[in-house]
Structure formats: structure tokens, C-alpha cells
Amino acid sequence: MTKLIDRRSLLKTAGASAALAGFGLSAPAVHSANEKVVRYLGTATTMGSEIDKKLFEDTGIKVKYIPVTTDEVTKRVLTQPNSFDIVDTEYFSLPKLVPSGNILGMDSKRIKEFDNISTTHTLGEIGGKKIGDQGTAPKKVFYLKDEKSSEFSPEPTRWATLIPTVFNADTLGIRPDLIKRPISTWAELLNPEFRGKASILNIPSIGIMDAAMVVESMGEYQYPDKGNMTRDEIDLTIKILIEAKKAGQFRALWSDFNESVNLMASGEVVIQSMWSPAITAVRTQGIPCIYQPLKEGYRAWAVGFALSAATKGYQADVCYEFINWYLSGFVGGYLNRQGYYSAVPSTAKQYMEPYEWDYWMLGKKATKDIKAPDGKKLAGAGEVRDGGSFVERMGGVACWNATMDENRYMVRKWNEFVAA
Amino acid sequence: MKVAADSFGGIMIDVKKHSAALLSLPFALVIFGFFVVPLCLVIMVSFWDYNSYSIIPDFIFTNYHDIFYGCVKSLPDLCTSFATYLSSLKFVFITWVITLIIGFLVALFLCFCVHSLQMQIVLFLLCTIPFWTSNVIRMISWIPLLGRNGLVNSTMQNIGLTDSPVEWLLYSEFSVILAFVHLYALFMVVPIFNSMLRIDRSLIEAAHDAGASSLQTLTSIIIPLSRPGIIIGSIFVITIVMGDFITIGVMGGQQIPSVGKIINVEMTYLQFPAAAANAVILIITTLMIIFAMTKLVDIRKEL
């Protein structure tokens, strides 16, 4: 798994940059004229040493990483806006980030591929069909009123909040060899049949959405907006989770990628919330694992780049060059082969073999072995991607990761669930 | 020296008069800068207000009110805070009892049953070997052992002790306590061993000559004289277990609450004032336990 190795080398840079940041509150943003360095803040799950190498070859830009967890990204933007040039963050964090004034609107005129960005983001539709927009759907927070505005614009403007890079539709992961029967609904997560063999992720803002999908599919309640619950709705959702927990439904809860991989690979858990690269990681160990499409649909997420308000002049030019390169296809092809979706599908296509494009994006049967970017086999000839094509999967989105108005209350209730 | 002392005569008198205070000054400054000031800030912030992206200077009791939200109303059911503290206290108590017994016995063996100093040093170093790897690794290495398909379960099934995997071995209170004892027993061994080494051997001989049994010697000489070590070891174990959230998280499958985890979640959601209020309550609780322990023995006098 090169992914892990990448992470390790990232951690080293993390230590170095953290030390640097601690030293003078912020690392110097100005570098010598011929050295192009971008200080990158993000989870770094959509970066890697191969991307770094190609980036340097093509543009001469070096990336200095500040890799942290999703929630830490938000915290860092709000508390240390001078410590990074570019932030890689989720759309659902924007309602917290934008009012702070610590990130700038992105100038769409400087982004070469702006008009080719997937319509899932700009219009909230795919192939002309509207997709679910509960939660913080990108289209709701896509534009700002002005470069320095702290308000979202419902109408398209020149200024985008983030330049989208990667997105995906999440669902439950299962071990077909241990379950031995078809799974087709979110309600199965709390099915007593899997008592002591289920898991849900312990990141409140995402876990509550998965729980809401389960509650709806059990027929307990239909939420007007799962991504923005009222206090009563939060109470109801947590109550159902607590009852399940008390009955011993969950083997464990997980909060980081590797934990979810270990739970699944060891067979401690047979059904759980999961992320796409975690499925890949279990599979490359030779253990069967399916990213199970469910009839109620997917929970989607999207990430993108924004510039720190402190990034100006030459440094901003370098950042825009980096973003334009990121969208130019190499990275898109690389990430599509991991099961993510590039925000600019048209450029990614140029960097994928036709049979890869057919498998990953069109949902066709693989004509040859499908390999992960590190060369390990993911699927054999004749297999079809879980959930099918891009249009089928993204068309089946029911809600997006979200920040609720009642976030404060929700976090408190989530703690109650963990304590129950 | 004499010359220097004369030329700074006036100051030297002060130095002599306040030498104790001056000597402790550097450490006092460190404590002040890195403990008192941050603690005051935590207490201050615990009264502030916050929204999802900023903290707002204020003087409100909402954060404390939130901690005890519904605690009285829901009785006899426990609210989140009571349940969490009760669970933490339970872990503290059980871990304390087990580490105390293990720590005391190991120290007793090292000190009184091993007669050569060299052997004592060798055995003591053996005790510290697990500490050559990190805390997290020592903890995580239990997982493949205790899991559903782990070494313990497969062995028990192979020799016919059980038919199906024993589930409570991992992600349970058992595994949490096991990890705590494994991680922190040495914190008990070291101070108790240290106290025991200082016990005058002639006292034991005298007891023996006066006809005391081994048990009587143990209860009326060794235990009372090891008390400072026991208390110091207990303080280590209790404070660490009270504030721990990583061990409980990893070994408990994140299903067992801990005050540290609640604070951690609040921090990642930028609810610093709420986290600060929780931290203040945690500090008060821990201090109360320590205070009760120091009532049992006057450490300053015994040291």
C-alpha cells in the first residue's frame, strides 16, 4: 500500500512544518523568486508522493504539507490563517470558514477548467437529472457575493468559495463472505442479525448523517432535511442509536481511516460506515469487501481548494498555477483509479486508459485486471464496479455531509450516545 | 569569592536571607508560566460564549449548565456527565486496586527476596523493558491477541475450552482495565520500591527477634513505612487514568465514555469554552481525590 508509505513521509513533513509554524507563529510566506513552494493545509488523502513528483516535473512547484484531520483543518483555518497558503477542505466546513473572513473567494476567471467542473457541484444535477441536496450540498455554498464577502450567493458570480477537486458518494461497507446474503438497505446497519458485528463512525457530523439514513430506512421518521435537523429530530436519532448500542449492536466505533480498515479486515465487524479508499485497502489485502449500494441512496461529500486571505501577489499566482495543474488531468486520473471522482472529469479521462474509464466511470465490465495506482490488483476481468457508473452512483445521492444550525446541541447529544 | 561577596555586600545579605526563595525561583517561574497562567486561561475561557467559528469573551454559566444538563431531572437515570464520571471513577478504582497489589508485590519481591544488589538492578531494568516501546504500541499489540479471531480465542477454541469466540475479551471494560494495568503498573512499582529500599533492615530483624510473624512484620513495619511510595504511586495512576481517553478509546472500541474524549470532541468542534468547563470540572474532581489521599498521609512530612 503506497498510501500508507505516503502518509508516513507526510508525517515527517508535518512535524517539520509544525515546528516551523510554532517557531515564528507562521512560516515566511515569501520564498526566493525562483523557488515555488505552496504550503498546503488539508487531510492530504487526495495528495501523495507521486502527485508531488509529477507536479514538480511539470511546474517546479514544491508542496509543503500541513496534514491534519478533517475537523482540525477547520480549526487551523480559524485559529492560524497565516500558517498556510492553500487549504484543501470540505464544502460542509464552509458555513464555519466563510464568516471568519480567513479564506478568500477564488477568481473563477483564473481557473482554466472552471467551465468544465462537474454539474453535480455547480447545478446540483447529473445528466440533466436533479440529485439529492439535503445537507450542505456544494451548489448551496458554491459562490460568494464578492471576493471578500462573507455571504454565499445563490446566483453564480465570478467568485467561487472553493475550487472543487475531488468528491464521492459514501455508503456502507460489508464483508460479503461473512454476511452471505444480499444487503440492500441502510436499515441493515441496526439489524439485530449483526449484533456485535456492526460499527458506525465516531465523527459526530458525519455519523449523525449515516444514522439519519438508517432511521429513515427503518421507517421510523422522514426528515425534512437530514443535514439540518431540529433538536427533536436530533433527540430521536440519538435515541435510536442509544437503544441499539445498549442492545450491543456495535462492536466498536471508529474515528480514523485505519481503524475502519482493521475492524473490517480482522472480521470484528461485517457491516459499517466506510470510506472508499478504506474498501480498496481491505481488498488489496485479498479480503473480500464491498462498497454496497443501498436503495435509499448515498451520502456524498466534496472537497476543494481555497486560498488563505493572507496569500497575495506572487504567492497567490503560484497557488493558482498549482490549482490549474491539479485540475489538468493527471491527478484526476490518479484519483479516479482509487474510486474517487475528479471534479473535472473531462481532463481526467485523458489520463486514463479506455478500459479503466469504462470500469470506473461508465460502470462497464472490466475487460482486463483493474489495478490501484500502486499496481496492486483491485478487480479482475469481468467484474463491475460496486454501484455502477458515475451517473448511477452520483445520481443516487440522498444527502451531503453537513454542518447543522444545531451543531452545538448535536455534538452534546452525540457524546450522550458514546456515554450510553 | 570573598572579594565578590564584599563588593556586592548589600545584595549578599539579601541572598542569604532569601536563599531558599531564590533557589526555588526558576522552578516557580516555570510552574507559573507553564501551569498557573494556562490554568487561569482555561478557567477564564470556561465562562466565555462561543458559536461554530469563534469564541466570544463573556461571563456566562451556560458551559457549566450544559455539562449538568438534565442531570437532576433524569434521576435515577444517569445523565451523560454523571455516567461518564462514574465510568471513569470505576476504572480508576479497579486499576488502582490491581496496580497497587501488583506494584506492592513486585516491589516487595525486588526489595526483600532478591538479596544481591546486582540482581535487583537487573530485575528492575527488566520491569522497564516494555517502556522501550511507545505507550500506543504496547496498547495496540493487545488487539490481535484479544480479537474475535485473535490468538487467545483461537487457542481456546483449538484446545476445546470454548466453542465460539469469547466476545468480551476485546472492546470491553475488561480490555480497557487490562491495558491500564499493563501500562501503569510500573508507576506503582517504582515509588513503592524506592520507599522500601529506605526501610532500615535492622527494624525487620528486631521485629523478627521480638517474635513477630512475617505477616505481622509486613502489616506493622513494611506497609506503614512504604506508605509514601504507595501514595505517590497512587497519585500517578489515579491522575493518569482520570484524564486518559486514548486507552479507553482504542481498547474500549470508542464505546466507553471518558471525560478526556468529551473534551477532545469539543475541541475539534471549536467549542473551546465547553471543553474548558469540562477540564475545570475534571481538575476539581481529580484534585478532590488527591486531597483525600494526602489526608491519609502527610507526604511532605514522610519525604
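Residues numbered from 1 in each chain as written. Chains lettered and ligands numbered in written order. Predicted model: local features only at pLDDT ≥ 70, side-chain atom pairs only at ≥ 80, totals over all residues. Heavy atoms only, no water.

A few words now on the sheet that holds strand 11 (residues 172-174) of chain A. All names here are of chain A. With mixed pairing, 5 strands are arranged side by side in an open sheet as 13-12-14-11-15. Since the sheet does not close on itself, it has two edges, and those belong to strand 13 (250-254) and strand 15 (290-292), each with one partner. Sheet twist, expressed as the mean angle between neighbouring strand axes with direction ignored, is 25°. Sheet topology places strand 12 (residues 198-201) next to strand 13; 4 bridges connect them, and they run parallel. Of the residues in strand 13, the one forming a bridge with Ser199 is Ala252. Along the sheet face, helix 7 (residues 204-217) touches strand 12 and strand 14 (271-273) and points at about 130° away from the line of strand 12. (Pairing = 2+ DSSP bridges. Helix = DSSP H or I, 4+ residues; strand = E, 2+ residues; numbered from the N terminus. Axes fitted to C-alpha atoms, helices over the stretch in contact; angles between N-to-C directions. Contact = heavy atoms within 4.5 Å.)

Our focus in this paragraph is the domain arrangement of chain A. Residues and elements named next belong to chain A. The domain boundaries assigned to chain A delineate domain 1 (2-167 + 299-350) and domain 2 (172-296 + 389-419). For domain 1 versus domain 2, the separation of C-alpha centres amounts to 27 Å. Contacts between the two partners involve 29 residues from domain 1 and, on the opposite side, 30 residues from domain 2. When domain 1 packs against domain 2, the two sides together hide about 2600 Å² of surface, and 57% of this comes from carbon and sulfur. (Domains from an automatic or database assignment. Buried area = accessible area lost by both parts, 1.4 Å probe.)

Another point: the packing of aromatic side chains. Counted according to the given criterion, the structure contains 33 aromatic pairs over all chains. Judged by centre distance (6.3 Å) and plane angle (50°), the ring pair of Phe114 of chain A and Phe142 of chain A falls under tilted. Of this pair, Phe114 of chain A sits in the loop between strand 4 (106-107) and helix 5 (119-122) while Phe142 of chain A sits in the loop between strand 6 (129-130) and strand 7 (143-144), and the two are 28 residues apart along the sequence. Overall, the relative accessible area of 12% leaves Phe114 of chain A in the buried class. Their ring planes at 40° and their centres at 5.8 Å tell us that Tyr184 of chain B and Phe187 of chain B sit as a pair that is tilted. Pair noted here: Tyr184 of chain B and Phe187 of chain B are both in helix 10 (residues 173-197), with a separation of 3 residues, about one helical turn. Overall, the relative accessible area of 27% leaves Phe187 of chain B in the partly exposed class. Sitting over the face of the ring of Phe131 of chain B, Arg138 of chain B holds its NZ or CZ atom 4.3 Å from the ring centroid. (Phe/Tyr/Trp six-rings, centres within 6.5 Å; stacked < 30°, edge-to-face > 60°. Buried < 20%, exposed > 50% of the residue type's maximum accessible area, 1.4 Å probe, protein only. Lys NZ or Arg CZ within 6 Å of the ring centre and 35° of its normal.)

All names here are of chain B. Where helix 14 (residues 259-268) contacts helix 15 (residues 272-296), the two axes come as close as 8 Å, and the packing angle between them is 160°. Looking at the two axes, helix 14 sits roughly antiparallel to helix 15. In terms of crossing hand, the pair formed by helix 14 and helix 15 is left-handed. Across the interface between the two elements, Val259, Ile262, Ile263, Glu266 and Met267 of helix 14 pack against Phe272, Ala274, Ala275, Asn278, Ala279 and Leu282 of helix 15. Split into classes, the residues belonging to the contact of helix 14 with helix 15 amount to 9 nonpolar, 1 polar and 1 charged. (Parallel < 35°, antiparallel > 145°, perpendicular 65-115°, else oblique. Left-handed = near helix turned anticlockwise from the far one by under 90°. Nonpolar A, V, L, I, M, F, W, Y, C, P; charged D, E, K, R; others polar.)

So, on to the interface of chain A and chain B. If you look at the interface, chain A gives 36 residues, while chain B gives 32 residues. At the boundary of chain A with chain B, total buried surface from both sides reaches about 3000 Å², with 49% on carbon and sulfur atoms. The three residues of chain A that bury the most area against chain B are Arg251, Arg408 and Arg412 of chain A, which together make up 23% of that side's buried surface. Counting across the interface, chain A meets chain B through 3 salt bridges. Here Asp66 of chain B makes a salt bridge to Arg412 of chain A, at a shortest N to O gap of 3.1 Å. At the boundary of chain A with chain B, the tally comes to 16 residue pairs in polar contact (both at pLDDT 80 or more). (Salt bridge = Lys/Arg side-chain N within 4 Å of Asp/Glu carboxyl O. Polar contact = N/O pair within 3.5 Å; in protein donor to acceptor, adjacent residues only side chain to side chain.)

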